[in-house]
Amino acid sequence: MAICTPGGQSDDKETSKKPKDTKFKQQKLPAWQPILTAGTVLPAFFAIGIAFIPLGIALLVTSNGVMEKVIDYTFCYDKSDTSSTCASKLESLGTNVSGHVCYCEVTFTLDEDFPKDVYMYYGLSNYYQNHRRYVRSRDDNQIHGDTVSASTLNSDCEPYRTKYISSSDSRPIAPCGAIANSLFNDSIAVEFSSSENISLIATGIAWFSDKQDKFNNPPSWNGFTNPPNWNDKYVYNLSSEANNNGYINEDLIVWMRTAALPNFRKLYRKINHVGTFAERLPKGNYKLMVDYAYPVTSFDGKKSIILTNTSWLGGKNPFLGIAYIVTGCLCVLLGVVFLVIHIKYGKKFDEAEEVIGIKNF
């Protein structure tokens, strides 16, 4: 109980909310504010320009040195019926029909040698893998190899969480979700000069961290069924290679890493550089042989195959080099403009001090 003094003051010492009287807490620390003058700004503009322009040229030359060939096969003609395209045949079946495969061939020419290593990508356009519900439609615990059941699968996988085998038999899907259900399933082979098939490598195309950490096979596949659009293919027979089957199948892993933009490409195969192709992919005539099963015309999309090699900078992408060159040129241009203004209208620093009274501060 507090005892009051004759003056009415309490013996309890009130706690002060005033910060301690230190330079830090009272915001009295010394500060430095640069004064931008012609002597500091102009050299900065010219230095940035002189540094960025040659760097941008080097990046652009490196990017242009990367060889790339894009083959659009969206509307390739059915080999058994050359009057109609595979796209029209799949479209006539409707978007809900899966399992139909159309065979087509596309010829193309490489005008120059592609030095190794050469990679094969598939490209899709107008395909929004970045849709919020699509991105969430997966179960990371399931593809990690954890033991899951129909009741513990992620609800975001709906409507591809379970599938009715019969009117009384509903089973969980492996792997569940819209991403896995829409797995790219065209099969592609390449032939050189109508005589020699090019050997393609299906492993080593996924991120190492994905295959080692994020994707693992469960102890058992019992009780699970396949996604609706996979027709008669199951996750445990995606490949004949044991180390590339199930959830660790690299085609599946590559597809499950969703793209940020509607036009994207994903690594499909690596060229096996042996025999005729030991050092390069030689110039000449080639044939693309496609088992066409992936419909894209229903959403105005397109499909393509990209053959390319890489440089120390990565794949072919001139944007970075152009950005550096444009930025460098703008800096030099602004530097020249400001220099002319300074020479024509500027005053000496001492005169400016007298005018604005800087010394008084």
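Our structure's up above, just so we're on the same page.
Here's what I pulled together on the structure shown here. (Residues numbered from 1 in each chain as written. Predicted model: local features only at pLDDT ≥ 70, side-chain atom pairs only at ≥ 80, totals over all residues. Heavy atoms only, no water.)

## Here we look at the nonpolar core
Tyr73, Trp255, Leu281, Tyr286, Leu288 and Tyr292 are the most contacted members of the largest nonpolar core, which totals 67 residues. Once residues lying within four places of it in the same chain are set aside, the contact partners of Leu281 are Leu110, Glu112, Asp113, Phe114, Val118, Ile198, Ile271, Tyr286 and Leu307. (Core = buried A, V, L, I, M, F, W, Y, C linked by side-chain atoms within 4.5 Å. Buried < 20%, exposed > 50% of the residue type's maximum accessible area, 1.4 Å probe, protein only. Contact = heavy atoms within 4.5 Å.)

## Thoughts on a nonpolar patch on the surface
Taken together, the side chains of Ile322, Val326, Leu330, Leu333, Leu334, Val337, Phe338, Ile341 and Tyr345 define a hydrophobic patch exposed on the protein surface, amounting to about 820 Å² of accessible area. Within the secondary structure layout, Val326 lies in helix 8 (residues 319-345). (Patch = residues over 30% accessible without salt bridge, like charges linked within 9 Å, V, L, I, M, F, W, Y side chains within 5 Å. Areas by Shrake-Rupley, 256 points an atom, 1.4 Å probe, with all protein chains shown as cover. Salt bridge = Lys/Arg side-chain N within 4 Å of Asp/Glu carboxyl O. Helix = DSSP H or I, 4+ residues; strand = E, 2+ residues; numbered from the N terminus.)

## Quick look at the sheet that holds strand 6 (residues 119-125)
Whenever strands of a sheet pair, they do so through backbone hydrogen bonds, lying parallel or antiparallel. If you walk across this open sheet you meet the 5 strands as 1-15-6-12-11, and the pairing is antiparallel. Looking at which strands have only one partner, the edges of the open sheet turn out to be strand 1 (68-72) and strand 11 (200-201). Relative to strand 15 (residues 302-308), strand 6 runs antiparallel, the two being bridged by 7 bridges. By the bridge assignment for strand 15, Tyr121 is matched with Ile306. (Pairing = 2+ DSSP bridges.)

## Some details on unusual backbone geometry
Following Lys116, the chain continues into Asp117 via a peptide bond in cis, with omega recorded as 5°. Within the fold, Asp117 resides in the loop between strand 5 (114-115) and strand 6. Glu158 connects to Pro159 through a cis peptide bond whose omega is 5°. Tracing the backbone through its elements, the reader meets Pro159 in the loop between helix 4 (140-143) and strand 7 (162-166). In this model, Gln27 sits at a positive phi of 55°, which is unusual for a non-glycine residue. At Asp300, a residue that is not glycine, the phi angle is positive and equals roughly 60°. One can find Asp300 in the loop between strand 14 (284-292) and strand 15. A residue is classified by how much of its surface remains accessible, and Asp300, at 63% relative accessible area, is exposed.

Function cannot be inferred from these measures alone, as they are strictly geometric.
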